[in-house]
Amino acid sequence: MSRRELREHVFRMLFRREFFGTEEEFREQVGLYLEELDPLEEKDRIYMRDKVEDIYRLVPELDEKLNEVARGWKTGRMSKVDLTILRLALYEMRHEDSVPEKVAINEAVEIARKYGGDDSPSFVNGILAKLVAES
């Protein structure tokens, strides 16, 4: 599976997080999602599951950083799609050395075009550009 496909599946799993109250429910949903992808190489399954769990664990830290730069658009006001995209991109920018910032931003904007609203690509791009400028 390509890196772009893996990233999109991670986005879809993370998006589900917004609709399940407990960690147990969320983990169950991730498991069901991965089952639906069969046949799936074990390395891809492990990569996606581990990445989703890492991001899930870091949501408070990621949201704090997003709130610092998103003046007037705190995470509580953002669309769930945009917020999920931003969390994924910020995670990649800060915690995955193998993903250059420009790639993380470009991929986030592409996901925003596919899943977000009309203003999502520019909103996501703007927030991520502010994060880069502050680092």
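Structure's up top.
Conventions and cut-offs
Residues numbered from 1 in each chain as written. Predicted model: local features only at pLDDT ≥ 70, side-chain atom pairs only at ≥ 80, totals over all residues. Heavy atoms only, no water. Helix = DSSP H or I, 4+ residues; strand = E, 2+ residues; numbered from the N terminus. Buried < 20%, exposed > 50% of the residue type's maximum accessible area, 1.4 Å probe, protein only. Polar contact = N/O pair within 3.5 Å; in protein donor to acceptor, adjacent residues only side chain to side chain. Contact = heavy atoms within 4.5 Å. Salt bridge = Lys/Arg side-chain N within 4 Å of Asp/Glu carboxyl O. Phe/Tyr/Trp six-rings, centres within 6.5 Å; stacked < 30°, edge-to-face > 60°. Lys NZ or Arg CZ within 6 Å of the ring centre and 35° of its normal.

Student: Teacher, can you tell me more about the side chain of Arg87 here?
Tutor: Relative to the helices and strands, Arg87 is located in helix α4 (residues 80–95). Relative accessible area serves as the criterion here: at 7%, Arg87 is assigned to the buried category. Here Asp63 takes part through its side chain, which lies 2.6 Å from a polar atom of the side chain of Arg87. The residues touching Arg87, leaving out its near neighbours within four places in the chain, are Arg17, Glu18, Val59, Leu62, Asp63 and Leu66.

Student: Sorry if this is basic, but what is going on with the pattern of salt bridges here?
Tutor: Pairing between side chains becomes possible if they bear opposite charge and their charged atoms approach one another. Summed over all chains, the structure comprises 22 salt bridges. Note that Lys114 is salt-bridged to Glu8, the shortest N-O span being 2.8 Å. Of this pair, Lys114 sits in helix α5 (residues 101–115) while Glu8 sits in helix α1 (residues 3–17), and the two are 106 residues apart along the sequence. The exposed category is assigned to Lys114, whose relative accessible area is 53%.

Student: Whenever I open this one, the packing of aromatic side chains confuses me. Can you help?
Tutor: Any pair of aromatic rings gets described here by the distance separating the centres and the angle formed by the planes. The final tally for this structure, using the stated rule, is five aromatic pairs. Ring geometry for Trp73 and Phe123: centres 5.8 Å apart, planes at 70 degrees, overall edge-to-face. Separated by 50 residues along the polypeptide, Trp73 in the loop between α3 (42–69) and α4 and Phe123 in helix α6 (residues 120–134) bring together distant segments of the chain. The exposure class of Trp73 is partly exposed, given its relative accessible area of 40%. Each residue in the set Phe11, Phe15, Phe19 and Tyr115 is aromatic and connected to the rest through ring pairs, giving one cluster. Taking the ring centre of Trp73 as reference, the NZ or CZ of Arg77 above it sits at 4.3 Å.

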